[in-house]
Amino acid sequence: MSDQLSEQLQQLTEELARSEDADALYEVRVRYLGKKGSITALRRQMGKLAPEDRKAFGQAFNAVKVEAERAIETRRDALVSAAREADLARHEDLSMPGAHERELGTLHPITQTRRALEDIFARMGFAVKEGPHIEDERYNFDKLNFQPGHPARDMQDTFFVRPRSDARLVLRTHTSPVQVRTMLAHEPPIRVVAPGTVFRKDDDATHSPMFHQLEGLFVDRHVTMADLKATLYRFVGEFFGEGLNVRLRPSYFPFVEPGAEVDMQCPFCREEASGASVGCGLCKGTTWIEIAGSGMVHPHVFESCGIDPERYTGWAFGLGLDRMAMLKYAVTHLRLFFDGDVRFLEQFPC
Ligand code: FA5
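Residues numbered from 1 in each chain as written. Predicted model: local features only at pLDDT ≥ 70, side-chain atom pairs only at ≥ 80, totals over all residues. Heavy atoms only, no water.

K.L.:
Explain the pattern of salt bridges to me, using residue names and the numbers behind them.
P.N.:
For the structure on display, the rule yields 17 salt bridges. The salt bridge involving Glu-15 is made with Arg-31; its shortest N-O contact spans 2.2 Å. On the criterion of sequence distance, the pair formed by Glu-15 in helix α1 (residues 2-18) and Arg-31 in helix α2 (residues 22-33) is long-range, its members being 16 residues apart. A relative accessible area of 40% places Arg-31 in the partly exposed class. Residue Asp-136 is joined to Arg-138 by a salt bridge in which the shortest nitrogen-to-oxygen separation is 2.7 Å. (Salt bridge = Lys/Arg side-chain N within 4 Å of Asp/Glu carboxyl O. Helix = DSSP H or I, 4+ residues; strand = E, 2+ residues; numbered from the N terminus. Buried < 20%, exposed > 50% of the residue type's maximum accessible area, 1.4 Å probe, protein only.)

Dropping the structure here:
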């Protein structure tokens with residue numbers, strides 16, 4: 001009888017090895033261990049044994065049954081993990097490239113413009129300097145020859161910062177305080193550009209309360225306005241393309257003397273056969289576009305920064321960076337740059 005038990009177990013093991021899914025396992029189980037199963041049937045024959053043999057048979061029967069159950073479970077586990085492996089191999093090929101291309105952002109057009117300008121001026125020997133957005137009034141105004149209470153302070157509508165101490169603080173209204181910081185920290189010769197964000201109470205199509213400028217400062221022996229004009233020519237030629245004219249128009253800024261607005265020829269106007277520009281909507285038909293304020297550094301500014309105005313001369317300019325980007329990309333409303341609309345921004349790949 002024990003031989004029969006071993007035989008049944010052996011057959012069950014072989015059938016399990018041929019079973020490939022849960023249904024097949026179930027059938028094997030029913031065939032051997034079910035109510036009418038072949039192993040179960042052997043137990044019923046115990047009654048035919050001599051009483052002294054029954055105990056040993058009972059133990060052998062139970063051991064075979066436990067072994068058979070364990071063999072079925074082991075086979076089930078093996079089938080489940082094989083199915084999982086097959087499933088993973090089908091759906092999760094980790095070496096496969098993603099189905100959707102990941103979209104990369106691009107640099108903001110103002111950032112692209114700033115970097116392009118920094119490169120142009122770096123090639124002309126200018127170092128890049130930065131200054132704080134929250135600025136001491138002494139640097140934003142006083143040392144730039146804005147007298148206290150002088151109406152020139154109203155030229156730039158200022159955001160004042162409530163002070164925690166005696167300091168008089170403003171959101172800087174221009175990048176010109178970086179001139180002061182640079183001259184206080186360095187002896188001439190000085191050749192720097194200072195790009196950055198500035199703030200004024202201003203808001204229309206070409207003016208925003210937060211905008212960007214790029215300051216230029218050149219201080220050395222015998223520096224003249226001719227150097228300024230040559231530098232601006234070079235810059236306009238490199239940024240907008242060669243052949244565009246530049247002109248200086250007398251103007252007033254407290255920290256320069258003489259002072260000038262810088263205009264460049266409108267890059268969008270057609271040239272007539274005569275060579276004269278025609279005028280377009282962007283330059284309002286004037287054929288010129290204002291791009292910066294400029295001038296020779298005022299002797300008072302040199303003195304307030306500890307530089308001898310008898311020994312050194314210098315010039316400075318302040319370019320509207322956003323204006324440069326508007327002209328470069330033919331954007332007519334400044335606000336578009338700051339709305340954060342991806343449909344607009346993705347038009348400026350880099
Ligand atoms: C100044 O800010 C002077 N600090 C420039 C300067 C530097 C003069 C060195 C002399 C020597 P102005 O206020 O004109 O100047 O501004 C310079 C440029 O900034 C303008 O030509 C214009 O392009 C840009 N700008 C001024 N206000 C705004 C604004 N609200 N939004 C966008 N751009 C502006």
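K.L.:
An account of the nonpolar core is requested, with residue identities and associated values reported.
P.N.:
If you look at the biggest cluster of nonpolar residues, it comprises 32 residues, and the most contacted ones within it are Phe-235, Ile-291, Leu-319 and Met-324. Elements with a minimum of two residues in this core: α5 (109-123), β6 (210-220), α8 (225-240), β8 (256-265), β9 (288-297), β10 (313-320) and α10 (321-329). The greatest single-element share of this core, amounting to six residues, is contributed by α8. Ignoring anything within four residues of it in the chain, the contact list for Leu-319 reads Leu-117, His-212, Gln-213, Leu-214, Phe-235, Ile-291, Ala-292 and Met-324. Core analysis: the next-biggest nonpolar cluster, separate from the first, contains 20 residues, Phe-146, Val-301, Cys-305 and Ile-307 among them. (Core = buried A, V, L, I, M, F, W, Y, C linked by side-chain atoms within 4.5 Å. Contact = heavy atoms within 4.5 Å.)

K.L.:
Tell me about the sheet that holds β10, and please be specific about residues and values.
P.N.:
Pairing is mixed in the open sheet, where seven strands are placed in the order β1-β5-β6-β10-β9-β8-β7. Each of the sheet's edge strands pairs with one partner strand only, and the pair in question is β1 (127-128) and β7 (246-251). Sheet topology note: the β6/β10 ladder contains eight bridges and is antiparallel. When the sheet's bridge partners are listed, Leu-217 is paired in β10 with Ala-316. Those strands touched by α8 are β6, β7, β8, β9 and β10, and its axis lies near 130° from that of β7. (Pairing = 2+ DSSP bridges. Axes fitted to C-alpha atoms, helices over the stretch in contact; angles between N-to-C directions.)

K.L.:
Talk me through the site of the ligand; I want residue IDs and the actual numbers.
P.N.:
Inspection of the region around the ligand gives 26 residues, with His-174, Ser-176, Arg-200, Asp-202 and Ser-208 positioned closest. Between the ligand and Ser-208, the relevant distance is 3.0 Å, taken from a nitrogen atom to a main-chain nitrogen or oxygen of the residue. In this structure, an oxygen atom belonging to the ligand sits 3.1 Å away from a side-chain N or O atom of Glu-290. Look at the ligand: alone it shows 690 Å² of surface, and the protein chains cover 94% of it. Elements represented by at least two residues in the shell around the ligand include exactly β6, β9 and β10. Top contributing element to the shell around the ligand by residue count: β9, with five residues. (Near = heavy atom within 4 Å. Polar contact = N/O pair within 3.5 Å; in protein donor to acceptor, adjacent residues only side chain to side chain. Areas by Shrake-Rupley, 256 points an atom, 1.4 Å probe, with all protein chains shown as cover.)

K.L.:
Provide a residue-level description of α2, including the pertinent values.
P.N.:
Across its 12 residues, α2 extends 16 Å between first and last C-alpha, which sits within 8% of the 16 Å expected from 1.5 Å per residue. Here α2 has its buried residues at Leu-25, Val-28, Tyr-32 and Leu-33. The buried side chains of α2 occupy one side of the element, clustering within an arc of 90° when seen end-on. Away from the buried face of α2 by more than 90 degrees, exposed residues Asp-23 and Tyr-26 are located. The secondary structure elements touched by the buried residues of α2 are α1, α3 (38-44) and α4 (51-91). Where α2 begins, the side chain of Asp-21 points an oxygen toward the backbone nitrogen of Asp-23, at a separation of 3.2 Å. (Expected span 1.5 Å × (residues − 1). Arc of directions from axis to C-beta.)

K.L.:
Can you lay out the pairing of β8 for me, pointing to particular residues and giving the numbers?
P.N.:
Of all 10 residues in β8, eight are buried; the element is thus mostly enclosed. By the bridge criterion, six bridges tie β7 to β8 in an arrangement that is antiparallel. Bridge assignment links Ser-251 to a residue of β8, and that residue is Gly-259. Hairpin geometry of β7 and β8 is characterised by an intervening segment of four residues between the two adjacent antiparallel strands.

K.L.:
Quick one: what's the story with the packing of aromatic side chains, residue by residue and with numbers?
P.N.:
Per the counting criterion, the structure on display carries 16 aromatic pairs. Considering the side-chain rings of Tyr-329 and Phe-348, the 4.9 Å spacing of their centres and the 65° angle between planes classify their relative orientation as edge-to-face. Taken together, the residues Tyr-329 in helix α10 and Phe-348 in the segment after α11 (342-345) connect sequence positions 19 residues apart. For Tyr-329, a relative accessible area of 27% corresponds to the partly exposed category. (Phe/Tyr/Trp six-rings, centres within 6.5 Å; stacked < 30°, edge-to-face > 60°.)

K.L.:
Would you mind going over the packing of α2 against α4 in detail, with residue names and values included?
P.N.:
Orientation of α2 relative to α4, taken along the N-to-C sense of each, is 175°, at an axis distance of 11 Å. Regarding the angle of α2 to α4, the classification is roughly antiparallel. Residues Leu-25, Arg-29 and Leu-33 of α2 lie in contact with α4, whose contacting residues are Lys-65, Ala-68, Glu-69, Ile-72, Arg-75, Arg-76 and Leu-79. In terms of residue class, the contact of α2 with α4 is made up of five nonpolar, no polar and five charged. (Parallel < 35°, antiparallel > 145°, perpendicular 65-115°, else oblique. Nonpolar A, V, L, I, M, F, W, Y, C, P; charged D, E, K, R; others polar.)

K.L.:
Explain the side chain of Ser-19 to me, and be specific about the residues and the numbers.
P.N.:
The residue Ser-19 is located in the loop between α1 and α2 in this model. Overall, the relative accessible area of 4% leaves Ser-19 in the buried class. From its side chain, Ser-19 meets the backbone oxygen of Glu-15 in a polar contact 2.8 Å long. Those residues in contact with Ser-19, other than ones at most four positions away along the chain, are Ala-24, Leu-25, Val-28, Arg-75 and Leu-79.

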